[in-house]
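What the coordinates show
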Amino acid sequence: MTQSGPGVMPGLEPGDAPQEGPVAERPAADGGASLGGAALQPQLDAFLSEREQELIEFRRDLHMHPELGYAEYRTTDQIVAALKAAGLEPKVLPRGTGLFCDIGPEDGYTVALRADIDALPLQDEKEGVPYRSTVPGVAHACGHDVHTAMVLGAGLFLAQQAAAGLLPGRVRLLFQPAEETPGGALDVIAGGGIVGVDRAFALHCDPRIEVGQLGLRTGAITAACDKVYVKVTGPGGHTARPHLTADLVYALAKIVTELPAALSRRVDPRSSLSLVWGRVSAGSVANAIPDDGIAEGTVRCLDDEAWHRAPEMVRALLDSVAAAYDVDASLEYRRGVPPTVNEATSVQMFRDAAALVLGEEGAVPTPQSLGGEDFGWYLESVPGALARLGVRRPGSAEEYDLHRGDFDVDESCIAVGVRVLVATALTALWDGNRPNAEDPVEGSKLA
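Described in the following lines is the structure provided in the data block. (Residues numbered from 1 in each chain as written. Predicted model: local features only at pLDDT ≥ 70, side-chain atom pairs only at ≥ 80, totals over all residues. Heavy atoms only, no water.)

**Structural notes on the sheet that holds strand 8 (residues 214-216)**
- If you walk across this open sheet you meet the 8 strands as 3-4-6-5-7-18-8-17, and the pairing is mixed. Strands at the two margins of the open sheet, each flanked by one partner only, are strand 3 (91-92) and strand 17 (363-365).
- Two strands pair when backbone bridges link them, and strand 5 (residues 110-116) and strand 6 (residues 170-176) are joined in this way by 7 bridges, in the parallel orientation. The residue of strand 6 that forms the bridge with arginine 114 is leucine 174.
- Along the sheet, helix 2 (residues 73-85) makes contact with strand 3, strand 4 (99-103) and strand 6, crossing strand 4 at roughly 15°.
- Sheet contacts for helix 3 (residues 144-163): strand 4, strand 5, strand 6, strand 7 (199-210) and strand 18 (384-392); angle to strand 5, the most-contacted strand, approximately 150°. (Pairing = 2+ DSSP bridges. Helix = DSSP H or I, 4+ residues; strand = E, 2+ residues; numbered from the N terminus. Contact = heavy atoms within 4.5 Å. Axes fitted to C-alpha atoms, helices over the stretch in contact; angles between N-to-C directions.)

Pasting the structure below:
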């Protein structure tokens, strides 16, 4: 059983008996009131009974009208309209896409819930569904439409609680543009989206996990992902006389093979720092040594310290190998996203919330991924966690994956996500308002 502790809002323990009479209020650290766990479940049930289909339709509307990063104007307008209809005051980011919106007191302990809103440049290949993309070559193939509907739903519920004086702090909804580009997280940060935020949470669809389960992991859950572009130049010459010139193709081959091996020896193996090439090109005929060649690849890493050191290490190793073969080598190192490193206390909050709204078996371990996720930018500044939400129909034999044209979800996951986000936000707000909020949660490591 999950025990009531510093990561659980008093009254949110699973197994509380339903109470008779008015909704129970429990005093928060600041003298306000907080919704008790016995009352939370029936109120969520009532809210979702009324609004779940509306949230599903909202998701389907976004799915039919996907927009790429920094072009999410219609999506932004739809979110703004829904929030304003609830009496909230969203703030659109300076570029005109993406927004954030506060719920609760202006000076309270603040928890952020983040959704990404952009789609992918992929053709929607689903058949037999009424919400298939109407935009050629663009599709919500990563679940960002689902993320948006869940955070919206959680925000609408929490706004009701704030209006009733039952929110022990402030919740900030982040609807982020351009996660796939990436770069949208940096726009949110530059636009003041995490100013005053004490803790941040996000859910991401996972088609490998069944609906009703939440995948959790302490520490790095996704990797940093950077791009490298190497150009090698030399005088060129005839393949019959390589000793009279610089053998550029041979030098390029050495760079391609030796850099990844040498790089992996410069850091702790547990960082999983890797350089993998995706494109190598040089020359046009068999008997001429070319005067230039290129190699492009990605650097991925699960350790934040190693990620910060990676550019200088790659540059030093490249210069060393190039000098050995008398060629010049230039490096263009393009930062992508940092690793997403889940903080232990925040993972425990997710775990406690899952126990409340999904049951004791709701939280499951989830593996690390070397894919990139720009939620890591937020966690460079504030503690928080990203969890994987099951979207696979229980018992389904269908195999879906992210970033595929046939990707889809069991839409009952939206209500599950709303429950998890609401319970997590309330748990985090209560925990942040207790007198010793800086104390760590014990026993919080999962997986």
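**Brief notes about helix 5 (residues 248-264)**
- Here helix 5 is 17 residues long and its end C-alpha atoms lie 24 Å apart, about the 24 Å a rise of 1.5 Å per residue gives.
- Most pronounced at glutamate 258, the bend in helix 5 amounts to some 30°, and the proline proline 260 follows within four residues.
- Listed in full, the buried residues belonging to helix 5 are Leu248, Ala251, Leu252, Ile255, Val256, Leu259, Pro260 and Leu263.
- The secondary structure elements touched by the buried residues of helix 5 are strand 10 (224-233), strand 12 (274-282), strand 13 (288-289), strand 14 (292-301) and helix 6 (304-324). (Expected span 1.5 Å × (residues − 1). Bend = angle between axes of the 7 residues up to and from the residue. Buried < 20%, exposed > 50% of the residue type's maximum accessible area, 1.4 Å probe, protein only.)

**What about the environment of leucine 152?**
- Relative to the helices and strands, leucine 152 is located in helix 3.
- Taking the C-alpha atoms as reference points, leucine 152 and isoleucine 79, separated by 73 residues in sequence, lie 7.6 Å from one another.
- In this view, leucine 152 contacts Leu55, Phe58, Ala82, Leu83 and Phe175; residues no more than four positions away in its chain are not counted.

**Topic: the side chain of threonine 340**
- Position of threonine 340 among the secondary structure elements: in strand 16 (residues 340-342).
- For threonine 340, a relative accessible area of 0% translates into the label buried.
- A distance of 3.1 Å separates a polar side-chain atom of threonine 340 from the backbone oxygen of glutamate 373.
- Excluding residues within four positions of it along the chain, threonine 340 makes contact with Gly219, Ala220, Ile221, Thr222, Glu373, Phe375, Gly376, Leu379 and Leu386. (Polar contact = N/O pair within 3.5 Å; in protein donor to acceptor, adjacent residues only side chain to side chain.)

**Focus: the pairing of strand 18**
- Most of strand 18 is tucked away, with 9 of its 9 residues classed as buried.
- Here strand 18 shows two buried faces, one formed by Gly384, Leu386, Arg388, Gly390 and Arg392 and the other by Ala385, Ala387, Leu389 and Val391.
- Taken together, the 8 bridges between strand 7 and strand 18 define a ladder with parallel strand orientation. Bridge pairing links leucine 203 to alanine 387 in strand 18.
- Two strands pair when backbone bridges link them, and strand 8 and strand 18 are joined in this way by 2 bridges, in the antiparallel orientation. Considered in strand 18, the bridge of glycine 215 is made with arginine 388.

**Let's talk about the pairing of strand 5**
- In terms of burial, strand 5 is a largely internal element, 7 of the 7 residues being buried.
- A two-sided burial pattern is seen for strand 5, the buried positions comprising Thr110, Ala112, Arg114 and Asp116 on one face and Val111, Leu113 and Ala115 on the other.
- The sheet contact formed by strand 5 and strand 7 spans 4 bridges and is parallel. If you follow arginine 114 over to strand 7, its bridge partner there is alanine 202.

**Details of helix 3**
- For helix 3, built from 20 residues, the straight-helix expectation of 28 Å at 1.5 Å per residue is met to within 8% by its first-to-last C-alpha distance of 28 Å.
- The element helix 3 is largely enclosed, with a buried count of 17 among its 20 residues.
- A positive backbone phi angle near 75° is found at glycine 165, which sits one or two residues after helix 3.

**Topic: the packing of helix 5 against helix 6**
- The interhelical angle for the contact between helix 5 and helix 6, taken along N-to-C directions, is 135°, at an axis separation of 10 Å. When the interaxial angle is binned, helix 5 and helix 6 end up oblique. Crossing angle aside, the handedness with which helix 5 passes helix 6 is right-handed. Contacts from Lys254, Ile255, Glu258, Leu259, Ala262 and Leu263 in helix 5 reach Met313, Val314, Leu317, Leu318 and Val321 in helix 6.
- Across the contact of helix 5 with helix 6, the residue classes tally to 9 nonpolar, no polar and 2 charged. (Parallel < 35°, antiparallel > 145°, perpendicular 65-115°, else oblique. Left-handed = near helix turned anticlockwise from the far one by under 90°. Nonpolar A, V, L, I, M, F, W, Y, C, P; charged D, E, K, R; others polar.)

**Here's the deal with the packing of aromatic side chains**
- Applying the stated rule across the entire model yields 5 aromatic pairs.
- Judged by centre distance (5.1 Å) and plane angle (80°), the ring pair of phenylalanine 201 and phenylalanine 350 falls under edge-to-face. Here phenylalanine 201 is found in strand 7, whereas its partner phenylalanine 350 is found in helix 7 (residues 344-358), with 149 residues between them in sequence.
- Geometrically, the ring pair formed by tyrosine 250 and tyrosine 325 is edge-to-face, given 5.7 Å between the ring centres and 65° between the ring planes. You can see tyrosine 250 sitting in helix 5 and its partner tyrosine 325 sitting in the loop between helix 6 and strand 15 (328-337), a full 75 residues away along the chain.
- For arginine 95, the ring lying beneath its charged end belongs to tyrosine 70, and the centroid distance is 3.9 Å. (Phe/Tyr/Trp six-rings, centres within 6.5 Å; stacked < 30°, edge-to-face > 60°. Lys NZ or Arg CZ within 6 Å of the ring centre and 35° of its normal.)

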